[in-house]
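Read off the chains here:
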Amino acid sequence: MKNTLRYFALILFSIASLFPFYWMMITALTKAEWITSPVIFPIPPYLNSFKKILLYYPYFRWVLNTFIIATIGTLGNLFFASFAAFSFGCLRWRFRDLIFYLLLLTMMLPAFLMVIPRFFLVVNIGWMDTYWGVFIPGWFSIFSVFLLRQYYFTIPHEILNSARIDGANLWQIYWRIIIPNSKMVLMALFVINFLGKWNEFFWPLLIIKSQKMETLAVGVAGLGGTIGIEYNEIMAGAILSMIPILIMFIFLSKYISKGLNMRITF
Amino acid sequence: MGIEVKGIKPFLFILPILIGIVIFGYGCFAYVVKLSFFKTNLLKPPEFVGLKNYIFLLFESKYFLISLKHTLYYVLWSVPLNLFIGLSLGFAMHSKIKYGSFLRFTYLLPWISSSVIIALIFKYAFNTHWGIVNWIFTDLLGFGRIRWFSEMKTAVPVAAIMGAWQGMGFAMIIFLGAINAIPKNLTESASLEGANTLQIIRYVMIPLIKPTIFFYLVICFISAFQVFDSVFILMQQELGICSVGLQGSILTSAYFTYVLAFEGQQFGVAAAMALLMFLIMIIAILIQRYFIGRKVTQL
(Lines give C-alpha, C1' and ligand atoms only; values in the text may rest on other atoms or scores of the structure.)
Protein backbone atom coordinates (compact mmCIF):
# COMPACT_ATOMS: atom_id res chain seq x y z
CA MET A 1 0.00 0.00 0.00
CA LYS A 2 2.70 2.46 0.95
CA ASN A 3 4.65 1.66 -2.21
CA THR A 4 1.56 2.17 -4.34
CA LEU A 5 1.19 5.65 -2.93
CA ARG A 6 4.84 6.31 -3.53
CA TYR A 7 4.77 5.21 -7.13
CA PHE A 8 1.57 7.13 -7.67
CA ALA A 9 3.27 10.31 -6.45
CA LEU A 10 6.41 9.65 -8.48
CA ILE A 11 4.47 9.01 -11.67
CA LEU A 12 2.31 12.06 -11.09
CA PHE A 13 5.40 14.21 -10.68
CA SER A 14 7.04 12.81 -13.77
CA ILE A 15 3.88 13.40 -15.81
CA ALA A 16 3.83 16.94 -14.48
CA SER A 17 7.45 17.29 -15.47
CA LEU A 18 7.12 15.88 -18.96
CA PHE A 19 3.70 17.14 -19.99
CA PRO A 20 4.72 20.75 -20.76
CA PHE A 21 7.47 19.44 -23.06
CA TYR A 22 5.02 17.10 -24.73
CA TRP A 23 2.60 19.95 -25.16
CA MET A 24 5.36 22.12 -26.60
CA MET A 25 6.08 19.43 -29.19
CA ILE A 26 2.43 19.01 -30.10
CA THR A 27 2.04 22.76 -30.52
CA ALA A 28 5.11 22.95 -32.73
CA LEU A 29 3.82 20.13 -34.91
CA THR A 30 0.32 21.53 -35.36
CA LYS A 31 -0.67 24.10 -37.95
CA ALA A 32 -1.68 27.33 -36.25
CA GLU A 33 -5.31 27.29 -37.47
CA TRP A 34 -5.89 23.79 -36.15
CA ILE A 35 -5.02 24.43 -32.58
CA THR A 36 -8.47 25.49 -31.30
CA SER A 37 -8.76 22.22 -29.42
CA PRO A 38 -5.77 20.12 -28.37
CA VAL A 39 -5.03 16.78 -29.98
CA ILE A 40 -3.05 13.81 -28.66
CA PHE A 41 -0.86 13.79 -31.73
CA PRO A 42 -1.40 15.84 -34.88
CA ILE A 43 -1.82 13.77 -38.04
CA PRO A 44 -0.15 14.60 -40.31
CA PRO A 45 2.55 16.40 -38.28
CA TYR A 46 3.18 19.88 -39.58
CA LEU A 47 6.88 20.45 -40.03
CA ASN A 48 6.84 23.85 -41.70
CA SER A 49 7.32 25.67 -38.41
CA PHE A 50 10.71 24.01 -37.91
CA LYS A 51 11.64 24.73 -41.52
CA LYS A 52 10.69 28.36 -41.11
CA ILE A 53 12.82 28.82 -38.01
CA LEU A 54 15.83 27.20 -39.66
CA LEU A 55 15.38 29.23 -42.84
CA TYR A 56 14.51 32.69 -41.57
CA TYR A 57 16.48 32.88 -38.35
CA PRO A 58 20.23 32.37 -37.88
CA TYR A 59 19.65 29.30 -35.72
CA PHE A 60 23.04 27.71 -36.37
CA ARG A 61 24.75 31.01 -35.74
CA TRP A 62 22.94 31.21 -32.42
CA VAL A 63 24.13 27.72 -31.54
CA LEU A 64 27.69 28.70 -32.45
CA ASN A 65 27.49 31.94 -30.43
CA THR A 66 26.12 30.15 -27.39
CA PHE A 67 28.70 27.43 -27.73
CA ILE A 68 31.59 29.92 -27.94
CA ILE A 69 30.32 32.00 -25.04
CA ALA A 70 29.58 29.02 -22.79
CA THR A 71 32.82 27.20 -23.59
CA ILE A 72 35.25 30.09 -23.27
CA GLY A 73 33.31 31.47 -20.32
CA THR A 74 33.50 28.18 -18.46
CA LEU A 75 37.08 27.38 -19.43
CA GLY A 76 38.29 30.80 -18.31
CA ASN A 77 36.36 30.49 -15.08
CA LEU A 78 37.83 27.06 -14.29
CA PHE A 79 41.33 28.04 -15.40
CA PHE A 80 41.60 31.01 -13.06
CA ALA A 81 39.69 29.23 -10.32
CA SER A 82 41.89 26.14 -10.26
CA PHE A 83 44.97 28.36 -10.31
CA ALA A 84 43.79 30.27 -7.28
CA ALA A 85 42.39 27.20 -5.53
CA PHE A 86 45.79 25.53 -5.82
CA SER A 87 47.38 28.44 -4.02
CA PHE A 88 44.62 28.68 -1.40
CA GLY A 89 44.26 24.94 -0.87
CA CYS A 90 47.69 23.41 -1.28
CA LEU A 91 50.17 26.11 -0.34
CA ARG A 92 50.74 27.92 2.93
CA TRP A 93 51.70 31.56 2.92
CA ARG A 94 51.14 34.77 4.85
CA PHE A 95 47.69 36.41 4.61
CA ARG A 96 46.41 33.41 2.67
CA ASP A 97 43.20 32.98 4.64
CA LEU A 98 42.62 36.69 5.07
CA ILE A 99 42.74 37.26 1.31
CA PHE A 100 40.58 34.22 0.68
CA TYR A 101 37.84 35.35 3.02
CA LEU A 102 37.98 38.89 1.67
CA LEU A 103 37.40 37.47 -1.81
CA LEU A 104 34.74 35.11 -0.53
CA LEU A 105 32.73 38.09 0.71
CA THR A 106 31.88 38.97 -2.89
CA MET A 107 29.78 35.81 -3.07
CA MET A 108 27.19 37.70 -1.06
CA LEU A 109 26.70 40.30 -3.78
CA PRO A 110 23.64 39.29 -5.78
CA ALA A 111 23.60 39.40 -9.57
CA PHE A 112 20.98 42.13 -9.90
CA LEU A 113 23.20 44.50 -7.95
CA MET A 114 26.25 43.98 -10.13
CA VAL A 115 24.47 44.21 -13.47
CA ILE A 116 24.37 48.01 -13.72
CA PRO A 117 28.06 48.74 -12.91
CA ARG A 118 29.22 45.82 -15.06
CA PHE A 119 27.08 47.12 -17.89
CA PHE A 120 28.72 50.57 -17.56
CA LEU A 121 32.13 48.93 -17.52
CA VAL A 122 31.42 46.94 -20.67
CA VAL A 123 30.03 50.03 -22.42
CA ASN A 124 33.07 52.08 -21.47
CA ILE A 125 35.57 49.46 -22.60
CA GLY A 126 33.65 49.17 -25.86
CA TRP A 127 32.70 45.51 -25.51
CA MET A 128 29.04 46.00 -26.38
CA ASP A 129 27.78 43.42 -28.85
CA THR A 130 30.92 41.27 -28.56
CA TYR A 131 31.59 37.85 -27.09
CA TRP A 132 34.09 39.40 -24.66
CA GLY A 133 31.45 41.52 -23.04
CA VAL A 134 29.32 38.47 -22.38
CA PHE A 135 31.82 36.02 -20.96
CA ILE A 136 34.65 37.96 -19.35
CA PRO A 137 32.70 39.25 -16.32
CA GLY A 138 31.76 35.63 -15.58
CA TRP A 139 35.36 34.47 -15.51
CA PHE A 140 36.09 35.60 -12.00
CA SER A 141 33.91 33.61 -9.67
CA ILE A 142 35.08 32.97 -6.15
CA PHE A 143 32.47 30.24 -5.83
CA SER A 144 34.37 27.95 -8.22
CA VAL A 145 37.56 28.70 -6.28
CA PHE A 146 35.77 27.76 -3.08
CA LEU A 147 34.52 24.42 -4.43
CA LEU A 148 37.89 23.46 -5.91
CA ARG A 149 39.72 24.51 -2.76
CA GLN A 150 37.53 22.17 -0.73
CA TYR A 151 38.55 19.38 -3.04
CA TYR A 152 42.25 20.25 -3.07
CA PHE A 153 42.29 20.06 0.72
CA THR A 154 41.65 16.34 0.37
CA ILE A 155 44.75 15.70 -1.76
CA PRO A 156 47.33 14.13 0.61
CA HIS A 157 50.09 16.56 1.40
CA GLU A 158 52.74 13.86 1.50
CA ILE A 159 52.48 13.71 -2.29
CA LEU A 160 52.99 17.45 -2.63
CA ASN A 161 55.85 17.48 -0.12
CA SER A 162 57.69 14.60 -1.72
CA ALA A 163 57.33 16.21 -5.14
CA ARG A 164 58.77 19.35 -3.63
CA ILE A 165 61.70 17.46 -2.15
CA ASP A 166 62.33 15.81 -5.51
CA GLY A 167 62.81 19.28 -6.90
CA ALA A 168 59.51 20.01 -8.64
CA ASN A 169 58.60 23.69 -8.78
CA LEU A 170 55.12 24.98 -8.01
CA TRP A 171 54.04 25.06 -11.63
CA GLN A 172 55.08 21.43 -12.10
CA ILE A 173 53.24 20.40 -8.94
CA TYR A 174 50.13 22.16 -10.17
CA TRP A 175 50.30 20.80 -13.70
CA ARG A 176 51.62 17.28 -13.05
CA ILE A 177 49.95 16.39 -9.75
CA ILE A 178 46.98 18.60 -8.98
CA ILE A 179 45.37 18.74 -12.42
CA PRO A 180 45.59 14.98 -13.19
CA ASN A 181 44.21 14.26 -9.72
CA SER A 182 41.21 16.51 -10.10
CA LYS A 183 40.09 15.67 -13.64
CA MET A 184 36.77 14.26 -12.52
CA VAL A 185 35.98 17.25 -10.33
CA LEU A 186 37.02 19.73 -13.01
CA MET A 187 34.85 17.93 -15.53
CA ALA A 188 31.85 17.97 -13.19
CA LEU A 189 32.34 21.68 -12.51
CA PHE A 190 32.79 22.31 -16.22
CA VAL A 191 29.52 20.61 -17.12
CA ILE A 192 27.50 22.35 -14.44
CA ASN A 193 28.99 25.79 -15.20
CA PHE A 194 28.55 25.23 -18.91
CA LEU A 195 24.88 24.44 -18.37
CA GLY A 196 24.40 27.64 -16.42
CA LYS A 197 26.15 29.76 -19.03
CA TRP A 198 24.34 28.07 -21.89
CA ASN A 199 20.99 29.01 -20.38
CA GLU A 200 21.98 32.45 -19.19
CA PHE A 201 19.55 35.07 -20.41
CA PHE A 202 19.71 38.40 -18.64
CA TRP A 203 23.35 39.35 -19.18
CA PRO A 204 23.60 38.45 -22.90
CA LEU A 205 20.28 40.23 -23.40
CA LEU A 206 21.89 43.46 -22.22
CA ILE A 207 25.19 43.12 -24.06
CA ILE A 208 24.12 41.65 -27.39
CA LYS A 209 22.43 44.08 -29.73
CA SER A 210 22.52 42.50 -33.22
CA GLN A 211 20.61 39.39 -34.21
CA LYS A 212 23.75 37.69 -35.53
CA MET A 213 25.44 37.84 -32.14
CA GLU A 214 22.52 36.60 -30.08
CA THR A 215 22.73 33.49 -27.95
CA LEU A 216 20.08 30.80 -28.17
CA ALA A 217 18.26 31.98 -25.06
CA VAL A 218 18.12 35.59 -26.26
CA GLY A 219 17.27 34.61 -29.81
CA VAL A 220 14.43 32.32 -28.80
CA ALA A 221 13.13 34.92 -26.35
CA GLY A 222 13.17 37.37 -29.25
CA LEU A 223 11.01 35.01 -31.29
CA GLY A 224 8.32 35.46 -28.67
CA GLY A 225 8.19 39.15 -29.52
CA THR A 226 8.41 39.07 -33.32
CA ILE A 227 5.57 40.50 -35.40
CA GLY A 228 3.58 37.99 -37.40
CA ILE A 229 5.14 34.90 -35.88
CA GLU A 230 2.86 32.01 -35.02
CA TYR A 231 3.17 30.30 -31.67
CA ASN A 232 3.85 26.95 -33.28
CA GLU A 233 6.97 28.53 -34.75
CA ILE A 234 8.00 29.87 -31.37
CA MET A 235 7.59 26.40 -29.87
CA ALA A 236 9.61 24.95 -32.76
CA GLY A 237 12.36 27.43 -31.97
CA ALA A 238 12.22 26.46 -28.30
CA ILE A 239 12.55 22.76 -29.19
CA LEU A 240 15.45 23.43 -31.53
CA SER A 241 17.22 25.41 -28.83
CA MET A 242 16.83 22.51 -26.40
CA ILE A 243 18.43 19.91 -28.67
CA PRO A 244 22.11 20.71 -28.00
CA ILE A 245 21.69 20.82 -24.24
CA LEU A 246 19.60 17.64 -24.29
CA ILE A 247 22.35 15.77 -26.13
CA MET A 248 24.83 17.00 -23.58
CA PHE A 249 22.56 16.00 -20.72
CA ILE A 250 22.15 12.45 -21.99
CA PHE A 251 25.87 11.87 -22.48
CA LEU A 252 27.18 13.73 -19.46
CA SER A 253 24.47 13.14 -16.86
CA LYS A 254 27.02 11.36 -14.66
CA TYR A 255 28.98 14.60 -14.37
CA ILE A 256 25.84 16.65 -13.93
CA SER A 257 24.76 14.78 -10.82
CA LYS A 258 28.31 14.84 -9.49
CA GLY A 259 28.63 18.56 -10.11
CA LEU A 260 25.26 19.20 -8.53
CA ASN A 261 26.23 17.21 -5.46
CA MET A 262 29.44 19.21 -5.18
CA ARG A 263 27.53 22.46 -5.30
CA ILE A 264 25.16 21.29 -2.62
CA THR A 265 27.51 19.65 -0.16
CA PHE A 266 30.15 22.32 -0.02
CA MET B 1 47.88 22.72 6.02
CA GLY B 2 49.63 22.82 2.69
CA ILE B 3 53.27 23.16 1.75
CA GLU B 4 55.08 26.12 3.17
CA VAL B 5 56.12 28.55 0.45
CA LYS B 6 57.90 31.85 0.92
CA GLY B 7 58.06 34.82 -1.39
CA ILE B 8 55.73 36.04 -4.08
CA LYS B 9 55.09 32.78 -5.95
CA PRO B 10 51.83 31.65 -4.28
CA PHE B 11 50.53 35.14 -4.76
CA LEU B 12 51.12 34.93 -8.50
CA PHE B 13 48.69 32.00 -8.72
CA ILE B 14 45.85 34.02 -7.27
CA LEU B 15 46.73 37.23 -9.10
CA PRO B 16 44.36 36.77 -12.09
CA ILE B 17 41.33 36.10 -9.94
CA LEU B 18 42.34 38.79 -7.48
CA ILE B 19 42.46 41.41 -10.24
CA GLY B 20 39.20 40.12 -11.71
CA ILE B 21 37.36 40.19 -8.41
CA VAL B 22 38.74 43.59 -7.44
CA ILE B 23 37.38 44.96 -10.73
CA PHE B 24 34.17 43.00 -11.24
CA GLY B 25 33.36 42.46 -7.57
CA TYR B 26 34.55 45.20 -5.24
CA GLY B 27 35.02 47.83 -7.94
CA CYS B 28 31.57 47.28 -9.33
CA PHE B 29 30.03 47.31 -5.85
CA ALA B 30 31.74 50.62 -5.05
CA TYR B 31 30.59 52.00 -8.38
CA VAL B 32 26.95 51.02 -7.85
CA VAL B 33 27.02 52.70 -4.43
CA LYS B 34 28.46 55.83 -5.99
CA LEU B 35 25.99 55.72 -8.86
CA SER B 36 23.05 55.64 -6.47
CA PHE B 37 23.84 59.24 -5.46
CA PHE B 38 24.03 60.47 -9.04
CA LYS B 39 21.65 61.19 -11.85
CA THR B 40 22.90 59.80 -15.12
CA ASN B 41 22.12 58.11 -18.37
CA LEU B 42 24.68 56.80 -20.80
CA LEU B 43 24.92 60.10 -22.71
CA LYS B 44 24.99 62.76 -20.01
CA PRO B 45 27.87 63.04 -17.51
CA PRO B 46 26.73 62.07 -14.00
CA GLU B 47 25.31 64.82 -11.84
CA PHE B 48 25.38 64.58 -8.04
CA VAL B 49 21.91 64.59 -6.51
CA GLY B 50 22.56 63.43 -2.95
CA LEU B 51 19.86 61.23 -1.47
CA LYS B 52 17.28 62.22 -4.08
CA ASN B 53 17.18 58.81 -5.74
CA TYR B 54 16.42 57.09 -2.45
CA ILE B 55 13.85 59.68 -1.48
CA PHE B 56 12.20 59.31 -4.87
CA LEU B 57 11.94 55.54 -4.48
CA LEU B 58 10.87 55.44 -0.85
CA PHE B 59 8.44 58.35 -0.71
CA GLU B 60 7.51 59.58 -4.16
CA SER B 61 7.27 56.58 -6.47
CA LYS B 62 4.40 54.23 -5.77
CA TYR B 63 6.14 51.51 -7.75
CA PHE B 64 8.69 50.77 -5.05
CA LEU B 65 6.01 49.51 -2.67
CA ILE B 66 4.15 47.79 -5.48
CA SER B 67 7.28 45.94 -6.52
CA LEU B 68 7.96 44.89 -2.94
CA LYS B 69 4.42 43.65 -2.61
CA HIS B 70 4.68 41.63 -5.81
CA THR B 71 8.05 40.20 -4.81
CA LEU B 72 6.72 39.23 -1.40
CA TYR B 73 3.68 37.61 -2.99
CA TYR B 74 5.94 35.69 -5.34
CA VAL B 75 8.18 34.56 -2.48
CA LEU B 76 5.17 33.46 -0.41
CA TRP B 77 3.96 31.31 -3.28
CA SER B 78 7.28 30.08 -4.49
CA VAL B 79 9.16 29.06 -1.34
CA PRO B 80 6.49 26.77 0.22
CA LEU B 81 5.72 25.24 -3.18
CA ASN B 82 9.38 24.51 -3.84
CA LEU B 83 9.90 23.12 -0.36
CA PHE B 84 6.82 20.90 -0.52
CA ILE B 85 7.63 19.48 -3.95
CA GLY B 86 11.31 19.00 -3.14
CA LEU B 87 10.63 17.25 0.15
CA SER B 88 7.96 14.94 -1.25
CA LEU B 89 10.17 14.02 -4.18
CA GLY B 90 13.11 13.45 -1.85
CA PHE B 91 11.11 11.14 0.44
CA ALA B 92 9.54 9.31 -2.47
CA MET B 93 12.86 8.74 -4.24
CA HIS B 94 15.10 7.96 -1.31
CA SER B 95 15.17 4.16 -1.22
CA LYS B 96 15.67 1.84 -4.16
CA ILE B 97 12.94 2.05 -6.76
CA LYS B 98 12.36 0.71 -10.22
CA TYR B 99 13.31 3.02 -13.08
CA GLY B 100 14.97 5.35 -10.57
CA SER B 101 17.41 6.85 -13.03
CA PHE B 102 14.72 7.42 -15.64
CA LEU B 103 12.57 9.20 -13.06
CA ARG B 104 15.54 11.33 -12.02
CA PHE B 105 16.04 12.25 -15.65
CA THR B 106 12.44 13.39 -16.00
CA TYR B 107 12.61 15.52 -12.85
CA LEU B 108 15.86 17.13 -13.91
CA LEU B 109 14.70 17.88 -17.44
CA PRO B 110 13.00 21.20 -16.55
CA TRP B 111 16.05 22.22 -14.56
CA ILE B 112 18.47 21.86 -17.47
CA SER B 113 16.24 23.78 -19.86
CA SER B 114 16.58 27.52 -19.86
CA SER B 115 13.96 29.58 -18.09
CA VAL B 116 13.31 31.29 -21.42
CA ILE B 117 11.94 28.09 -22.94
CA ILE B 118 9.95 27.31 -19.83
CA ALA B 119 8.46 30.79 -19.66
CA LEU B 120 7.52 30.57 -23.34
CA ILE B 121 5.76 27.24 -22.79
CA PHE B 122 3.84 28.58 -19.81
CA LYS B 123 3.02 31.83 -21.56
CA TYR B 124 1.25 29.95 -24.29
CA ALA B 125 -0.20 27.24 -22.08
CA PHE B 126 -1.90 29.92 -19.99
CA ASN B 127 -2.94 32.06 -22.95
CA THR B 128 -6.47 33.41 -22.55
CA HIS B 129 -7.81 32.34 -25.94
CA TRP B 130 -6.07 29.18 -27.02
CA GLY B 131 -3.96 28.06 -24.06
CA ILE B 132 -4.44 24.50 -22.91
CA VAL B 133 -5.18 25.52 -19.32
CA ASN B 134 -8.12 27.65 -20.34
CA TRP B 135 -9.21 24.90 -22.70
CA ILE B 136 -9.43 22.58 -19.70
CA PHE B 137 -11.20 25.24 -17.64
CA THR B 138 -13.80 26.24 -20.22
CA ASP B 139 -14.32 23.40 -22.67
CA LEU B 140 -13.92 20.54 -20.22
CA LEU B 141 -15.01 21.93 -16.86
CA GLY B 142 -17.30 24.70 -18.03
CA PHE B 143 -15.86 27.65 -16.14
CA GLY B 144 -15.37 31.07 -17.65
CA ARG B 145 -12.14 32.01 -19.36
CA ILE B 146 -9.56 33.28 -16.91
CA ARG B 147 -7.24 36.03 -18.06
CA TRP B 148 -4.25 34.65 -16.18
CA PHE B 149 -1.80 37.44 -16.94
CA SER B 150 -4.17 40.36 -16.63
CA GLU B 151 -3.74 40.84 -12.88
CA MET B 152 -1.16 40.17 -10.24
CA LYS B 153 -3.37 37.83 -8.17
CA THR B 154 -3.34 35.17 -10.88
CA ALA B 155 -0.17 36.02 -12.78
CA VAL B 156 2.21 35.69 -9.82
CA PRO B 157 1.02 32.19 -8.83
CA VAL B 158 1.47 31.07 -12.44
CA ALA B 159 5.03 32.41 -12.38
CA ALA B 160 5.66 30.73 -9.01
CA ILE B 161 4.30 27.39 -10.21
CA MET B 162 6.56 27.72 -13.21
CA GLY B 163 9.57 28.37 -10.98
CA ALA B 164 8.73 25.44 -8.72
CA TRP B 165 8.27 23.21 -11.72
CA GLN B 166 11.65 24.18 -13.07
CA GLY B 167 13.37 23.77 -9.73
CA MET B 168 11.93 20.45 -8.61
CA GLY B 169 14.84 18.33 -9.81
CA PHE B 170 17.32 20.56 -8.05
CA ALA B 171 15.32 20.49 -4.81
CA MET B 172 15.00 16.72 -5.08
CA ILE B 173 18.77 16.28 -5.35
CA ILE B 174 19.37 18.51 -2.34
CA PHE B 175 16.91 16.62 -0.13
CA LEU B 176 17.87 13.24 -1.50
CA GLY B 177 21.46 13.87 -0.43
CA ALA B 178 20.36 14.84 3.07
CA ILE B 179 17.93 11.92 3.46
CA ASN B 180 20.46 9.38 2.24
CA ALA B 181 22.92 10.65 4.85
CA ILE B 182 20.54 9.65 7.68
CA PRO B 183 21.93 6.55 9.43
CA LYS B 184 19.86 3.52 8.44
CA ASN B 185 19.67 2.12 12.01
CA LEU B 186 17.66 5.15 13.17
CA THR B 187 14.84 4.61 10.69
CA GLU B 188 15.03 0.84 11.14
CA SER B 189 14.72 0.98 14.90
CA ALA B 190 11.83 3.42 14.57
CA SER B 191 10.01 1.00 12.33
CA LEU B 192 10.76 -1.89 14.71
CA GLU B 193 9.13 0.17 17.47
CA GLY B 194 6.03 0.21 15.31
CA ALA B 195 6.18 3.64 13.68
CA ASN B 196 4.59 3.84 10.24
CA THR B 197 6.17 5.54 7.25
CA LEU B 198 4.54 8.89 7.85
CA GLN B 199 5.58 8.86 11.48
CA ILE B 200 9.14 7.98 10.54
CA ILE B 201 9.20 10.88 8.09
CA ARG B 202 7.64 13.27 10.58
CA TYR B 203 9.51 12.36 13.75
CA VAL B 204 12.81 10.89 12.57
CA MET B 205 13.71 12.16 9.15
CA ILE B 206 12.48 15.75 9.16
CA PRO B 207 14.20 16.65 12.45
CA LEU B 208 17.44 15.16 11.13
CA ILE B 209 17.43 17.04 7.84
CA LYS B 210 16.45 20.37 9.41
CA PRO B 211 19.79 22.02 8.57
CA THR B 212 19.29 21.12 4.92
CA ILE B 213 15.74 22.45 5.00
CA PHE B 214 17.02 25.69 6.45
CA PHE B 215 19.79 25.93 3.89
CA TYR B 216 17.32 25.25 1.10
CA LEU B 217 14.87 27.83 2.46
CA VAL B 218 17.61 30.46 2.33
CA ILE B 219 18.77 29.74 -1.22
CA CYS B 220 15.18 29.36 -2.37
CA PHE B 221 14.34 32.72 -0.83
CA ILE B 222 17.37 34.37 -2.42
CA SER B 223 16.51 33.12 -5.88
CA ALA B 224 12.78 33.85 -5.53
CA PHE B 225 13.56 37.33 -4.29
CA GLN B 226 15.48 38.20 -7.45
CA VAL B 227 13.27 36.43 -9.98
CA PHE B 228 13.75 38.05 -13.34
CA ASP B 229 14.00 35.90 -16.49
CA SER B 230 10.59 34.30 -16.26
CA VAL B 231 8.83 37.54 -15.35
CA PHE B 232 10.54 39.29 -18.24
CA ILE B 233 9.37 36.69 -20.78
CA LEU B 234 5.85 36.58 -19.36
CA MET B 235 5.64 40.37 -19.49
CA GLN B 236 7.20 40.63 -22.94
CA GLN B 237 5.38 42.73 -25.48
CA GLU B 238 4.23 41.21 -28.71
CA LEU B 239 6.47 43.64 -30.59
CA GLY B 240 10.22 43.32 -30.29
CA ILE B 241 12.28 42.15 -27.36
CA CYS B 242 11.24 44.64 -24.75
CA SER B 243 8.80 44.32 -21.91
CA VAL B 244 5.56 46.02 -21.03
CA GLY B 245 7.47 47.87 -18.33
CA LEU B 246 5.48 49.29 -15.46
CA GLN B 247 2.15 48.54 -17.11
CA GLY B 248 2.42 44.77 -16.71
CA SER B 249 0.59 42.74 -14.11
CA ILE B 250 3.79 41.51 -12.45
CA LEU B 251 6.39 43.99 -11.24
CA THR B 252 8.89 42.24 -9.02
CA SER B 253 11.79 44.22 -7.59
CA ALA B 254 14.49 42.86 -9.89
CA TYR B 255 12.24 43.47 -12.87
CA PHE B 256 11.52 47.00 -11.66
CA THR B 257 15.27 47.61 -11.41
CA TYR B 258 15.64 46.40 -14.98
CA VAL B 259 12.85 48.66 -16.23
CA LEU B 260 14.35 51.67 -14.43
CA ALA B 261 17.83 51.09 -15.78
CA PHE B 262 17.45 49.67 -19.23
CA GLU B 263 14.07 50.92 -20.38
CA GLY B 264 13.95 54.22 -18.49
CA GLN B 265 17.69 55.03 -18.64
CA GLN B 266 17.53 56.16 -14.99
CA PHE B 267 20.66 54.38 -13.90
CA GLY B 268 21.05 56.31 -10.66
CA VAL B 269 17.57 55.43 -9.44
CA ALA B 270 18.05 51.85 -10.56
CA ALA B 271 21.30 51.62 -8.59
CA ALA B 272 19.53 52.94 -5.50
CA MET B 273 16.74 50.43 -6.05
CA ALA B 274 19.19 47.55 -6.37
CA LEU B 275 20.93 48.62 -3.16
CA LEU B 276 17.65 48.89 -1.26
CA MET B 277 16.74 45.40 -2.47
CA PHE B 278 20.11 44.10 -1.37
CA LEU B 279 19.58 45.60 2.07
CA ILE B 280 16.10 44.09 2.39
CA MET B 281 17.45 40.73 1.31
CA ILE B 282 20.22 40.77 3.91
CA ILE B 283 17.78 41.76 6.66
CA ALA B 284 15.36 39.03 5.63
CA ILE B 285 18.11 36.41 5.68
CA LEU B 286 19.25 37.55 9.13
CA ILE B 287 15.67 37.32 10.41
CA GLN B 288 15.31 33.82 8.95
CA ARG B 289 18.58 32.88 10.56
CA TYR B 290 17.43 34.21 13.90
CA PHE B 291 14.11 32.36 13.92
CA ILE B 292 14.83 29.13 12.10
CA GLY B 293 18.57 28.90 12.59
CA ARG B 294 18.18 28.93 16.36
CA LYS B 295 15.87 25.95 16.23
CA VAL B 296 18.28 24.11 13.99
CA THR B 297 21.18 24.48 16.35
CA GLN B 298 19.09 23.35 19.32
CA LEU B 299 18.87 19.87 17.86
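Given the structure is predicted, the values throughout are model-derived calculations rather than measurements.

1. Let's talk about the overall build of chain A
(1) Moving on: Assigned secondary structure in chain A consists of 13 helices and one strand.
(2) Moving on: For chain A, the sequential pattern of α-helices and β-strands runs α-α-α-β-α-α-α-α-α-α-α-α-α-α.
(3) Moving on: The C-alpha radius of gyration computed for chain A amounts to 23 Å, which surpasses the reference 18 Å derived for 266 residues by more than 25%, pointing to a less compact arrangement than a globule.
(4) Moving on: Of all 266 residues assigned to chain A, the portion counted as buried reaches 44%.
(5) Moving on: Counted over contacts in chain A with a minimum sequence separation of 6, partners at least 24 positions apart contribute 74%.

2. Considering the overall build of chain B
(1) Moving on: Scanning chain B from N- to C-terminus turns up 13 helices and three strands.
(2) Moving on: With the principal axes as the frame, chain B shows a C-alpha extent of 75 × 75 × 35 Å.
(3) Moving on: Put simply, chain B has 299 residues, and 42% of those count as buried.
(4) Moving on: Residue pairs in contact within chain B that sit at least 24 positions apart in sequence constitute 70% of those at least 6 positions apart.

3. Looking at the environment of Ser87 of chain A
(1) Moving on: When you line up the elements, Ser87 of chain A lands in helix 3 (residues 59–90).
(2) Moving on: With 83 residues separating them along the chain, Ser87 of chain A and Leu170 of chain A place their C-alpha atoms 9.4 Å apart.
(3) Moving on: Non-local contacts of Ser87 of chain A, meaning those with residues more than four positions away in its chain, are made with Pro10, Phe13 and Ile14 of chain B.

4. Here we look at the interface of chain A and chain B
(1) Moving on: Contacts between chain A and chain B engage 77 residues on the former and 71 residues on the latter.
(2) Moving on: Top element by residues in the side of chain A that touches chain B is helix 1 (residues 2–29) of chain A. It accounts for 13 residues.
(3) Moving on: Tallied by class, the residues present in the side of chain A that touches chain B amount to 55 nonpolar, 17 polar and five charged.
(4) Moving on: Sheet topology places strand 1 (residues 91–92) of chain A next to strand 1 (residues 3–4) of chain B; two bridges connect them, and they run parallel. Each bridged residue has a counterpart across the sheet, and for Leu91 of chain A the counterpart in strand 1 of chain B is Ile3 of chain B.

Thresholds applied
Residues numbered from 1 in each chain as written. Chains lettered and ligands numbered in written order. Predicted model: local features only at pLDDT ≥ 70, side-chain atom pairs only at ≥ 80, totals over all residues. Helix = DSSP H or I, 4+ residues; strand = E, 2+ residues; numbered from the N terminus. Rg over C-alpha atoms; globule rule 2.2 N^0.38 Å. Buried ≥ 20, exposed ≤ 12 C-beta atoms within 10 Å, placed from the backbone. Contact = placed C-beta atoms within 7 Å. Nonpolar A, V, L, I, M, F, W, Y, C, P; charged D, E, K, R; others polar. Pairing = 2+ DSSP bridges.

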